[in-house]
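Fold and geometry: a report
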Number of protein chains: 4
Amino acid sequence: MLTELKREAYEANIALPRHGLINLTFGNASAIDRAKGVFAIKPSGVAYADLRPKDMVLVDLDGKIVEGKLNPSSDTPTHRRLFLAFADIGGVVHTHSSHATAFAQAGREIPIFGTTHADYFYDNIPVTRKMTVKEIGGGAYEWETGNVIVERFKKLDPLDSPGVLVNRHAPFTWGKTVAKAVEVAVAVECIAHMALMSLTLEPKLKTIEPELLNKHFKRKHGPGAYYGQK
Amino acid sequence: MLTELKREAYEANIALPRHGLINLTFGNASAIDRAKGVFAIKPSGVAYADLRPKDMVLVDLDGKIVEGKLNPSSDTPTHRRLFLAFADIGGVVHTHSSHATAFAQAGREIPIFGTTHADYFYDNIPVTRKMTVKEIGGGAYEWETGNVIVERFKKLDPLDSPGVLVNRHAPFTWGKTVAKAVEVAVAVECIAHMALMSLTLEPKLKTIEPELLNKHFKRKHGPGAYYGQK
Amino acid sequence: MLTELKREAYEANIALPRHGLINLTFGNASAIDRAKGVFAIKPSGVAYADLRPKDMVLVDLDGKIVEGKLNPSSDTPTHRRLFLAFADIGGVVHTHSSHATAFAQAGREIPIFGTTHADYFYDNIPVTRKMTVKEIGGGAYEWETGNVIVERFKKLDPLDSPGVLVNRHAPFTWGKTVAKAVEVAVAVECIAHMALMSLTLEPKLKTIEPELLNKHFKRKHGPGAYYGQK
Amino acid sequence: MLTELKREAYEANIALPRHGLINLTFGNASAIDRAKGVFAIKPSGVAYADLRPKDMVLVDLDGKIVEGKLNPSSDTPTHRRLFLAFADIGGVVHTHSSHATAFAQAGREIPIFGTTHADYFYDNIPVTRKMTVKEIGGGAYEWETGNVIVERFKKLDPLDSPGVLVNRHAPFTWGKTVAKAVEVAVAVECIAHMALMSLTLEPKLKTIEPELLNKHFKRKHGPGAYYGQK
């Protein structure tokens, strides 16, 4: 069932260590079939080298396992929360990539300092508020992780800001497809690395000028985009 | 004799350079057979590329070489001390991985800043006190290195804190199996790298909130764990 | 048409990710045939792994596409501007290599601290002024990017300073051939990394002494050069 | 002639990029036959990928080319100076490895902070004084580079301190064999990286205690050494 969706999710998962975004088993990717309301996600704690397309677990938007012998990722409720809240996304990626996680641990947004960042995000990369004792310990920790992300996006467009840092934790990214979510995950790590170094050079560095941000983001997104092939 | 144990130790040793934890010959791994009271350890100063399973040296808990033509690692007495003190561990790994060693050289614990750390350790990664002139020069330096680790763990559970930084030296990690000790060594290096960057961003960053620490550690360890497969 | 030129441009483009200078599709290289007034450049937004020599787009110095089914790089007008202004260069390379981009984002020149830098540049690696709202939004952004580079070089020899950081953006490099421009791009990234670390060690570090700069630059460039083979 | 010596020098040269110590063509290695007074060295500016054992150039201790069609490395007089001054060394390696070069550019010794350093050097890694205008411009720059190294070692044993940072330039290392000089070059880069990070953590960090330095250095060097195999 949904062989193509499982393959798509599988390809995204194995791309993560290849891009140097994953140590050990810290990460996962999922892809959704909106018509069926079912998403395919990595099984929990399985080494990337051992993963096969058919190991992907199929879960519906109520959280019920539709197909699969293995436990889905422990982060499955976070993915589900995001698929429910952000109607236009087709895939979600979670990594503990080192530089982005350093910002997340410090509870800091990644300031938008240059055009690389502006090619992917229309603002700083946001960070969630810290979770409360009740949200953490109340028995639905991973679902509540999704909730604090959704709360942070109350006034943000998830396609203008296709990712977030979960406070004390690590980045989540998304996109129209899971392949795009992987691409954003690569960009976020690269952007975090460069931002950290720019801050080392200029601790009080101001963020990018609005006109340059606008130009670069719009060059790649929306009706006036002219980057890439038609 | 103990062919399987030697293979297990061998696999752990050659995994270390593959994970980027080892430069040159700086490191070693050992695996113990508790029933026989014998452990298999890397021979001293042999290049990883030249290593074969049968080169592993078998040593008993009195420090006597049971089998093997090569000298065992010069750190063998440290491994032996840890196997004697920590009854539940099945393997020990020593590396000079760069970021963890930077903390060790500075005599600093690695502060617990995020969930990646909390997935592996239930507290800061501890550092030993400095060794005395007598401990260093008294003829049993490597055994005394084990002793200062054991002293540091007087009030710590070695499975809640499956590793340590030896002051001025480098990390040792352990686990129920030597494969797990390798996994912890990878995690320690990654955690050290991210902690160093978080400190660059926020020199006065506070450590993780207790409820989040508890949640992440218990998600992976103990009776309520639900990460991974059954 | 111009098969050899397209191959040269292709080889330069695929060398960029191999040297670790490129994440995703952030970069491009072009090579010019001065006799024909035509240059070959990477198509826009195509993954490096999928690129073939025949995908290179041929563009003339008026900006007209001479051959090619794909859209040329969105940065094509910047390359064209540089080929028009700097008569002696045969190739242009643009990357978002991490360390050099960190300086560009901060609007900082890369100070010349050692002989590695002096082997390639006769001075600090320059940075352009910020672009105006009109230059960014007036409909010819990439051409104007070339213009601020040319403005910065009013008193500089482009072969003595074979590269530049575009403010808030990233490096461009060039050379007598596109292969040389790639070599300079590698050097710029390496120089930026080392300069950042030297600044960490000595925030007020002075630049290299003139006689040593002179010696190293002239050892490799100009009539008295004696580095390499005849 | 001297086929084995050329192979030894060749193997050392191609090991340098494999260990990540070399960008482009920044580096060279040489091996000497003391009985014949001849050393084999890399040709100047040849890419490592294109190098063959027979390309090594044979040079005698007067600086005369004994065999070889290519120009020897432009750093040949520095190697020659070191072979003349340090009677016990069999090989010399020069790299621009990034972290070590960052210290050299800043004119800073690498402070001895831990046992990794003490396994290779009996003190801080020394840095030369800056060269004078006359030494740089007098026509024998590379020979004078050797001279400032030799001057720095007036009171140092070159086997207790098997390497140096040339001020504003980069590291040179040596050893009883050129393979050992390569090993030291790897260690120097790793030590520099860790020292830089330890300094980030503790800007006023003191160097290692004498007894621990002594223990680690002597564990590997001299009559009481017990590391490795007999």
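Let us look at the structure shown here. All of these numbers come straight from a predicted model, not from anything done at the bench. (Residues numbered from 1 in each chain as written. Chains lettered and ligands numbered in written order. Predicted model: local features only at pLDDT ≥ 70, side-chain atom pairs only at ≥ 80, totals over all residues. Heavy atoms only, no water.)

**What about the sheet that holds strand 4 (residues 65-67) of chain C?**
All names here are of chain C. Reading across the sheet, the seven strands line up as 4-3-2-1-5-7-6 and stay open at both edges, with antiparallel pairing between neighbours. Edge positions in the sheet fall to strand 4 and strand 6 (163-165), since each has one partner strand and no second. On average, each strand axis in the sheet is tilted by 25° relative to the strand beside it, whichever way the strands run. In this sheet, strand 5 (residues 91-95) lies alongside strand 1 (residues 27-33) in antiparallel orientation, the contact comprising five bridges. Within strand 5, the residue paired with Asn-28 across the bridge is His-94. (Pairing = 2+ DSSP bridges. Helix = DSSP H or I, 4+ residues; strand = E, 2+ residues; numbered from the N terminus. Axes fitted to C-alpha atoms, helices over the stretch in contact; angles between N-to-C directions.)

**Some details on helix 1 (residues 3-18) of chain C**
Residues and elements named next belong to chain C. Taking 1.5 Å of rise per residue, the 16 residues of helix 1 would be expected to cover 22 Å, and the 23 Å separating its terminal C-alpha atoms lies within 8% of that figure. Listing the buried residues of helix 1 in full gives Leu-5, Lys-6, Ala-9, Tyr-10, Ala-12, Asn-13, Ala-15 and Leu-16. Against strand 1, strand 2 (38-41), strand 3 (57-60), strand 4, strand 5 and helix 7 (178-201) lie the buried residues of helix 1. At the C-terminal side of helix 1, Gly-20 shows a positive phi close to 75°. (Expected span 1.5 Å × (residues − 1). Buried < 20%, exposed > 50% of the residue type's maximum accessible area, 1.4 Å probe, protein only. Contact = heavy atoms within 4.5 Å.)

**Comments concerning the nonpolar core**
By size, the foremost hydrophobic cluster in this structure holds 104 residues, and its most contacted members are A:Phe103, B:Phe103, C:Phe103 and D:Phe103. Listed by contribution, the elements that provide at least two residues to this core are helix 3 (98-105) and helix 7 (178-201) of chain A, helix 3 (98-105) and helix 7 (178-201) of chain B, helix 3 (98-106) and helix 7 of chain C together with helix 3 (98-105) and helix 7 (178-201) of chain D. (Core = buried A, V, L, I, M, F, W, Y, C linked by side-chain atoms within 4.5 Å.)

**Things to note about the relation of the copies chain A and chain B**
Least-squares fitting of chain A to chain B yields an RMSD of 0.0 Å, with the transformation described by 0.0 Å of translation along the axis and a rotation of 90°. Between the two chains, the operation in question is that of a four-fold axis. It is A:Thr200 whose C-alpha, among those of chain A, lies nearest the rotation axis, at 5.7 Å. The overlap is low: 3% of the interface residues of chain A also sit at the interface in chain B, so different surfaces are used on the two sides. (Least-squares fit on C-alpha atoms with pLDDT ≥ 70 in both.)

**Some details on the relation of the copies chain C and chain D**
Here chain C sits on chain D after a turn of 90° about the axis and a move of 0.0 Å along it, with an RMSD of 0.0 Å. An overlap of only 3% is found between the interface residues of chain C and their copies at the interface of chain D, pointing to separate contact surfaces.

**Some details on the interface of chain A and chain B**
On the chain B side, the residues contacting the 31 residues of chain A number 34 residues. A combined buried area of about 2900 Å² lies between chain A and chain B, and 57% of that area is made up of carbon and sulfur atoms. Contact with chain B buries area across many residues of chain A, yet A:Leu24, A:Gln105 and A:Arg168 alone supply 24% of it, more than any other trio. Taken together, the connections running from chain A to chain B amount to five salt bridges. Run the count over chain A and chain B and you get 18 residue pairs in polar contact (both at pLDDT 80 or more). Every element with two or more residues in the side of chain A that touches chain B is listed here: helix 3, helix 5 (133-137), helix 6 (141-152) and helix 7 of chain A. Examining the composition of the side of chain A that touches chain B, we find that six residues originate from one element, helix 3 of chain A, more than from any other. Broken down by class, the residue content of the side of chain A that touches chain B amounts to 13 nonpolar, 13 polar and five charged. (Buried area = accessible area lost by both parts, 1.4 Å probe. Salt bridge = Lys/Arg side-chain N within 4 Å of Asp/Glu carboxyl O. Polar contact = N/O pair within 3.5 Å; in protein donor to acceptor, adjacent residues only side chain to side chain. Nonpolar A, V, L, I, M, F, W, Y, C, P; charged D, E, K, R; others polar.)

**Considerations on the arrangement of the chains**
Chain B shows no contact with chain C. Their nearest C-alpha atoms sit 12 Å apart. Separated throughout, chain A and chain D approach each other most closely at a C-alpha pair spaced 11 Å apart.

**Quick look at the pattern of salt bridges**
This structure, assessed with the given rule, holds 48 salt bridges over all chains. Between A:Arg7 and A:Glu11 there is a salt bridge whose closest N-O contact spans 3.4 Å. Note that A:Arg7 and A:Glu11 are positioned in helix 1 (residues 3-18) at a spacing of four residues, about one turn of the helix. Across the pair D:Arg168 and C:Glu209 runs a salt bridge, and its minimum N-O distance is 3.1 Å. Here the residue D:Arg168 occupies a position in the loop between strand 6 (163-165) and strand 7 (171-175), and C:Glu209 occupies one in the loop between helix 7 and helix 8 (210-220), the pair thus bridging two chains. Take D:Arg168: its relative accessible area is 2%, and that puts it in the buried class. By relative accessible area, which is 22% here, C:Glu209 ends up partly exposed.

**Focus: the interface of chain C and chain D**
Interface extent is often summarised as the accessible area lost during association of the parts. Facing 34 residues of chain C, the contacting portion of chain D comprises 31 residues. Here chain C and chain D share five salt bridges between them. Linking chain C with chain D are 18 residue pairs in polar contact (both at pLDDT 80 or more). When contributions to the side of chain C that touches chain D are tallied by element, the ones reaching two or more residues are helix 4 (115-118), helix 7 and helix 8 of chain C. With 11 residues, helix 7 of chain C is the largest single contributor of residues to the side of chain C that touches chain D. By residue class, the composition of the side of chain C that touches chain D is 14 nonpolar, 10 polar and 10 charged.

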